[in-house]
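Each chain is listed here by its residues.
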Amino acid sequence: MANAASGMAVHDDCKLRFLELKTKRTHRFVVYKIEEKQKQVVVEKVGEPIQTYDDFAATLPADECRYAVYDFDFVTAENCQKSKIFFIAWCPDTAKVRSKMIYASSKDRFKRELDGIQVELQATDPTEMDLDVFRSRAN
C-alpha cells in the first residue's frame, strides 16, 4: 500500500497505536517517523496516558521531521471536560530539505490512514504548537 506520490507505505502498527489512543485512550500521544530505507511510516514513540504535553514536545527532534497525534484534554467555556485528537506535522526549519519534501508529500496519504483526527497543526518551531495553540484550535 505505497503512496504513489512518495512511495511510502504505512506500517500496520501505526494504525493500531492510533486506534488504541482513539478508542481505549491507552496513549497520550504517538510519534511517527518515516524510515526512508524501508519506505514506510513507523511508530517511533508512544506516550503513556499520564505523560504531559511537555513530555510530548520533548520527544520531537529539533532538526528532524515527524508526524504525531496527541490526545488533548481540555475544559470548555461551559465547564465540560472534552478531548480532541490533534495531528501534528512537525517539520523544523533546520531539517534537511529532502526530509521536508518526503514528509510533505506523504502527509495527506498518512493522515487518511488515521481515521478520527479532529484538528491538524503544521509546525516548524515549538511556538507553532504550544499549549495556547492547542487550546485555541480545540474550541
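In the nomenclature of an unreviewed UniProt entry, the protein corresponds to ADF-H domain-containing protein from the organism Eruca vesicaria subsp. sativa. Regarding the protein, the UniProt comment filed under Sequence similarities (unreviewed entry) reads as follows: "Belongs to the actin-binding proteins ADF family."

K.L.:
Which residues make up the environment of cysteine 65, and what values go with them?
P.N.:
Checked against the element boundaries, cysteine 65 lands in the loop between helix H2 (53-59) and strand E4 (66-75). Aside from chain neighbours lying at most four places away, what touches cysteine 65 is Trp90, Cys91, Pro92, Ala95, Ser99, Lys100 and Tyr103.

K.L.:
Can you explain the side chain of serine 106? Please cite residues and give values.
P.N.:
With respect to the secondary-structure elements, serine 106 resides in helix H3 (residues 97-113). Polar contacts involving the side chain of serine 106 include one to the main-chain carbonyl oxygen of isoleucine 102, which spans 2.9 Å.

K.L.:
A description of unusual backbone geometry should follow, citing residues and the corresponding values.
P.N.:
Of note in this structure, lysine 39 is not a glycine but carries a positive phi near 55°. Topologically, lysine 39 is positioned in the loop between strand E2 (29-35) and strand E3 (40-47). Residues other than glycine seldom take positive phi values, yet asparagine 79 does so here, at roughly 70°. For asparagine 79, the location among the structural elements is in the loop between E4 and strand E5 (81-90). Residue class for asparagine 79 comes out exposed when judged on its relative accessible area of 64%.

K.L.:
Break down the packing of aromatic side chains for me, with residues and values.
P.N.:
Inspection of the entire model under this criterion finds 15 aromatic pairs. Centre to centre, the rings of phenylalanine 56 and tyrosine 70 are 4.9 Å apart; their planes meet at 40°, and the pair counts as tilted. Placement of phenylalanine 56 in helix H2 and of tyrosine 70 in strand E4 is noted, with a sequence separation of 14 residues between them. A network of ring pairs unites the aromatic residues Phe29, Tyr53, Phe56, Tyr70, Phe72, Phe74, Phe86 and Phe134 as a single cluster.

K.L.:
Could you give an account of the sheet that holds E2, naming the residues involved and the relevant values?
P.N.:
Strand order in the open sheet made by the six strands is E1-E3-E2-E4-E5-E6, with mixed pairing throughout. Both outer strands of the open sheet, strand E1 (9-10) and strand E6 (119-123), are each paired with one neighbouring strand and no more. When E5 meets E6, the two strands line up parallel, connected through five bridges. Each residue of the ladder has a partner; that of tryptophan 90, found in E6, is alanine 123.

Calculation criteria
Residues numbered from 1 in each chain as written. Predicted model: local features only at pLDDT ≥ 70, side-chain atom pairs only at ≥ 80, totals over all residues. Heavy atoms only, no water. UniProt positions renumbered as here; feature names shortened; annotations may be inferred. Helix = DSSP H or I, 4+ residues; strand = E, 2+ residues; numbered from the N terminus. Contact = heavy atoms within 4.5 Å. Polar contact = N/O pair within 3.5 Å; in protein donor to acceptor, adjacent residues only side chain to side chain. Buried < 20%, exposed > 50% of the residue type's maximum accessible area, 1.4 Å probe, protein only. Phe/Tyr/Trp six-rings, centres within 6.5 Å; stacked < 30°, edge-to-face > 60°. Pairing = 2+ DSSP bridges.

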